[in-house]
Amino acid sequence: MRGHAMRYVYTCLREAHDQTLLLLAALVCLVGVYASLAVARHAARTDDRSRRYWAATAIMAAGCTAWSTHMIGLLAFRPGMLSGFDPLLTVLSLVLAVVGIGISIGSIIGRRNRRRRMVAGVFLGLSIALLHYFGQYAYKVTGHISWDYSLVAQSLIFSLPLFGVGLVASGERRYMIRQGSTFLLIAGIGILHFFGMAALQLEFDPEVALPPMSLAPTMIAPIVASVSAALVLLALVGLRLSLAARAQTIRDRSKLRQLADLAVEGLAICDGLTIDAVNESLSRLTGYSGTQLSGRSISSILPRFDIEAVPEQEEEDSELRTAMGQCLPVRVLWKSVSVGMRQQTVVAVRDQSERLRNEQKIRSLAFSDTLTGLANRLHFNETLAAQCFEATKNSSAFALLLLDLDRFKAVNDTLGHMVGDELLVRVSKRLTRCRSDISAIARLGGDEFALIVNRVDAISQLAETIIDMLSRPFLIEGSIVEIAGSIGIAIFPDGGMEPAALTRHADLALYAAKHAGGNTFRFFSEEMSSKAETRRRLELDLRRALARDELEVHYQPQVDPATARIQGAEALVRWRHPTRGMISPNDFIPLAEELGLIGALGEWVLREACREAATWPEDVTVAVNLSALQLRDAALPLTVQSALESSGLPASRLELEITESALMQDETLAFETLHRLRGMGIRISMDDFGTGYSSLNYLRRFPFSKIKIDQSFVRHVPHDQECVAIVQAITTLASKLQMSVTVEGVETNEQRAFTVTEGCDQIQGYLISRPVDANAVRTLLTAQLLDAA
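A few points on the structure. (Residues numbered from 1 in each chain as written. Predicted model: local features only at pLDDT ≥ 70, side-chain atom pairs only at ≥ 80, totals over all residues. Heavy atoms only, no water.)

The next subject is the overall build of the protein chain. The helix and strand tally for the protein chain stands at 28 helices and 25 strands. Scored against the burial criterion, the 789 residues of the protein chain give a buried share of 47%. In the protein chain, the share of contacts with a sequence separation of at least 24, taken over all contacts with a separation of at least 6, comes to 67%. As displayed, the protein chain offers around 39400 Å² of accessible surface, 56% of which is attributable to carbon and sulfur atoms. (Helix = DSSP H or I, 4+ residues; strand = E, 2+ residues; numbered from the N terminus. Buried < 20%, exposed > 50% of the residue type's maximum accessible area, 1.4 Å probe, protein only. Contact = heavy atoms within 4.5 Å. Areas by Shrake-Rupley, 256 points an atom, 1.4 Å probe, with all protein chains shown as cover.)

Of the volumes computed, that of the second largest pocket is approximately 1100 Å³. Along the wall of the second largest pocket there are 39 residues; nearest its centre are Glu570, Leu572, Pro585, Asn625 and Asp687. Those elements that provide at least two residues to the lining of the second largest pocket are strand E18 (566-577), helix H18 (585-595), helix H19 (598-613), strand E20 (621-625), helix H20 (628-631), strand E21 (654-659), helix H22 (660-665) and strand E22 (683-689). Partitioning the lining of the second largest pocket into residue classes produces 16 nonpolar, 14 polar and nine charged. (1 Å grid on protein atoms, 1.4 Å probe; cavity = no way out; pocket = protein on both sides within 12 Å on 5 of 7 lines; lining within 4 Å. Points joined across faces, edges and corners; volume = space filled by probe spheres on them. Nonpolar A, V, L, I, M, F, W, Y, C, P; charged D, E, K, R; others polar.)

Turning our eyes to something else, we now look at the packing of helix H17 (residues 526-545) against H18. With their axes 11 Å apart at the nearest point, H17 and H18 run at an angle of 75 degrees to one another. In terms of axis orientation, H17 runs roughly perpendicular to H18. Facing H17, whose interface residues are Arg535, Leu538, Glu539, Leu542 and Arg543, H18 presents Asp587, Phe588, Leu591, Ala592, Glu594 and Leu595. Taken together, the residues of the contact of H17 with H18 break down into six nonpolar, no polar and five charged. (Axes fitted to C-alpha atoms, helices over the stretch in contact; angles between N-to-C directions. Parallel < 35°, antiparallel > 145°, perpendicular 65-115°, else oblique.)

Glancing now at the packing of aromatic side chains. Applying the stated criterion to the full structure yields six aromatic pairs. A ring pair is formed by Trp575 and Phe588, whose centres lie 5.7 Å apart and whose planes are at 85 degrees; its orientation type is edge-to-face. Taken together, the positions of Trp575 in strand E18 and Phe588 in helix H18 put the pair 13 residues apart, joining distant regions of the chain. The pair formed by Trp575 and Phe588 is uniform in burial state, with each residue classed as buried. Relative to Phe704, the ring of Phe702 has its centre 6.2 Å away and its plane inclined at 50 degrees; by these criteria the two rings are tilted. For Phe704, a relative accessible area of 7% translates into the label buried. Here the basic side chain of Arg430 rests over the ring of Phe474, its NZ or CZ set 3.6 Å away from the ring centre. Here Arg770 stacks its cationic end above the ring of Tyr766, 3.9 Å away from the centre of that ring. (Phe/Tyr/Trp six-rings, centres within 6.5 Å; stacked < 30°, edge-to-face > 60°. Lys NZ or Arg CZ within 6 Å of the ring centre and 35° of its normal.)

Let us now look at the packing of helix H16 (residues 499-515) against H17. Orientation of H16 relative to H17, taken along the N-to-C sense of each, is 85 degrees, at an axis distance of 10 Å. Judged by the inter-axis angle, H16 sits roughly perpendicular to H17. Across the interface between the two elements, His505, Leu508, Ala509, Tyr511 and Ala512 from H16 touch Met528, Ser529, Ala532 and Arg535 from H17.

Take the side chain of Gln292 next. For Gln292, the location among the structural elements is in helix H10 (residues 290-293). Classification of Gln292 by relative accessible area gives buried; the value is 15%.

The next subject is the environment of Gly121. Locating Gly121 in the fold gives a position in helix H5 (residues 114-138). The exposure class of Gly121 is buried, given its relative accessible area of 0%. In this structure, the C-alpha to C-alpha distance between Gly121 and Ile101, residues 20 residues apart in sequence, is 9.2 Å. Ignoring any residue separated from it by four or fewer positions in sequence, one finds Gly121 in contact with Phe163, Gly164 and Leu167.

What follows is about H19. Between its first and last C-alpha, H19 extends 22 Å over 16 residues, near the 22 Å set by a 1.5 Å rise per residue. Among all positions in H19, only Ile598, Leu601, Gly602, Val605, Leu606, Ala609, Cys610, Glu612 and Ala613 are buried. Along H19, the residues classed as buried sweep out an arc of 165 degrees about the axis, all on the same side. (Expected span 1.5 Å × (residues − 1). Arc of directions from axis to C-beta.)

Next up on the list: unusual backbone geometry. Residue Pro493 follows Phe492 across a cis peptide bond; omega there is 5 degrees. Here Val717 and Pro718 are connected by a cis peptide whose omega angle stands at 5 degrees. For Pro718, the position within the fold is in the loop between helix H25 (711-714) and helix H26 (721-736). With phi around 70 degrees, Arg407 is a residue other than glycine that occupies positive phi space. Examined against the element boundaries, Arg407 turns out to sit in the loop between strand E10 (398-406) and helix H13 (408-415). The backbone of Asn519 sits at a positive phi, close to 55 degrees, despite the residue not being glycine.

The next point concerns the sheet that holds strand E15 (residues 484-492). With mixed pairing, five strands are arranged side by side in an open sheet as E11-E12-E10-E15-E16. The open sheet has two free edges, formed respectively by strand E11 (440-445) and strand E16 (521-523), since each of these has just one partner strand. Between one strand axis and the next, the sheet turns through 20 degrees on average, direction left out of account. Pairing of E10 with strand E12 (residues 448-453) involves six bridges; the strand directions are antiparallel. Directly across from Leu401, in E12, lies its bridge partner Leu451. Together, E10, E12, E15 and E16 form the strand contacts of helix H15 (residues 459-471), whose direction differs from that of E15 by roughly 160 degrees. (Pairing = 2+ DSSP bridges.)

Moving residue by residue along a regular strand, the side chains alternate between the two faces of the sheet. Burial of E11 is extensive: five of the six residues sit out of reach of the surface. Looking at chain direction, E11 and E12 are connected through five bridges and run antiparallel. For Arg443, the partnering residue across the bridge sits in E12 and is Phe449.

What follows deals with the pattern of salt bridges. Counted under the stated rule, the structure contains 22 salt bridges. As a salt-bridge pair, Arg576 and Glu552 come within 2.7 Å of each other at their nearest N and O atoms. Within this pair, whereas Arg576 is found in strand E18, its partner Glu552 is found in strand E17 (residues 551-559), the two being separated by 24 residues in sequence. The class for Arg576 is partly exposed, based on a relative accessible area of 40%. (Salt bridge = Lys/Arg side-chain N within 4 Å of Asp/Glu carboxyl O.)

Nonpolar side chains in soluble globular proteins tend to end up buried together. Ranked by internal contacts, the top residues of the largest apolar core, which has 73 residues, are Tyr555, Leu654, Leu656 and Leu663. The greatest single-element share of this core, amounting to seven residues, is contributed by H19. Not counting chain neighbours up to four residues away, the residues in contact with Leu654 comprise Leu606, Cys610, Val622, Val624, Val640, Leu644, Leu649, Ile682 and Arg683. Listed in part, the 32 residues of the second largest apolar core include Leu374, Ile438, Leu451 and Phe521. (Core = buried A, V, L, I, M, F, W, Y, C linked by side-chain atoms within 4.5 Å.)

A cluster of nonpolar side chains, contributed by Val91, Leu92, Val95, Val99, Ile103, Phe123 and Leu126, occupies part of the molecular surface with about 580 Å² of accessible area. Elements supplying a minimum of two residues to the nonpolar patch: helix H4 (87-106) and H5. Residue contributions to the nonpolar patch peak at five residues, all from H4. With respect to the helices and strands, the residue Val91 is situated in helix H4. (Patch = residues over 30% accessible without salt bridge, like charges linked within 9 Å, V, L, I, M, F, W, Y side chains within 5 Å.)

Have a look at this one:
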């Protein structure tokens, strides 16, 4: 249907019109539209009195343009019969066009609102359509006239958007877009005419005569020609006005160049509140050229700055609106100055973006973690305090989660800190993907993260999701990195109503999750708080225990299983608390390791054991356990030598017991240290043999002189055949390696008889004696000497 209409319009244009007159109509339309827009733009630049005059001229020009184009188009039409024009309707069509165009143009002069211009453009199109169809109604022929209303509708549908867009383009700041508005308006007028003429259906009837008052085309042509000539003259006037405006712009730019030499700030010279000229600095700030800003209100770029409300030469913070619609922070001041013969206002604008960016950067550095980009501890503490305040005010609940990465230290130690840093970045990204449930995320330091979650009803599910997410492997620099996460959770307000208390309780829950083996989560409970308080007091007491002589060394005899003769004793530290009594080593030895006291404690036990053993018979040895921390100390051989020298104990009577786990901390350093100790004549014993992962390899590489079979294998002999087989295998292995064997945990005569049968060198356990103090062990040794005598 649409293709058929276009062919019909094309046929009407080609075969029913005089092509020369059509070209003339197009030329008149082009000149008239240019003249109208040029005069309208000049009206927008002038003061109120002149603006009314030039606006009226632009409106008359626009109306005459549309009317002349339409009339020339009608004169170009060849109906094939006599034709004429009703003079009254012809004049009325011109009046309607002028009035309609006047309303539309008058509503937009000096205004750039696009929506307003679009509506005015559509109204302009309707006015020209009214002109066209009234003009066609004034067209008379010797016959009958009918209409194809589908073509009439299409003429409106196709042309009205062009008028709207054309009027919007005429108010744009870019020169090429403004020039394009002329062609859009011409296209709209052309579509209205040719679709309208194609809609006109003529049928010749010899009985129909022209009305007696109708004007012949030869009579109307001079009138149209006169109007067209006037439009040409007006176009020349419009050109002159445009050239004058351009010359004024050049003069303004010259002023601005002079001002720019004196100031680096953006400057606008205003006539009242209207911008006359700007310097290059302000153009760069706004993104507008001087021409685009000229004639606009200063409030169009400084919407929050009110000159009348701000004292002269007093700076004020404001916002500068740019061509991109952005708002730049600026400081503004104004001063009234004389420029030539006119009093004008100079507005100075200083960009504050760089200063604010620097302040924001400083704030970001202060409140963000530089590695992951998450909030840091300081920022998180502020966020948590605000969250507690809001939750208290609204009687709401939220959860604080503390997350610690399991096995992160191993990643740093084996793959390096660069991989460790990248791992932290990857972890932060995975946590950020849970953002829908998390209101705040922070890296508190190291491998510790903190999260605030508002939905406490699904907190367990979220914790499980995070743990599962972290347990998935990471591929970093070609290495597959596997870690896990432990989470402690405290719920506000049950877990504390103050930020410090809530954080402390979440940390206790995290400690419980770690103590449970990691890769899990725990909620805070009051029982944790009680245990923590007990542990805290124990820490304080342990730090003072050495100074207060509360620590003691007890000794468990090691005897020949066949003769029960005491051959040595193992030194075991005990803590006699002044109020709590004897505290188990299982309670304070791990605590000493955590507090970093195990080194000092181990050295004290070593010196005390050497001093005590020096008073025993010369064939009795003393065994002292070495911690992993002591074994990693390169000065250990010097410490042992000092203890031997100060006590007078021969090196051959000192035996140092090492566990496999201690060897695994740093095998290279342990290898060097143990060989130095063995070279001093000290015996090295592998403690808890069989419970590790690389026992045979260690026996081959390290200078051990004794193997101590762990009590877990002895507890079930001789009834458990698997345990029997293990003990037999170890005894045979030790014999082949020329090492002696000590069996721990012997508690029954059956177990003792078994060790005799298997040829074990020594036994120790409750069957022989529990660990006893120095006086008691001396009594045992004295009794042994008396028996021997």
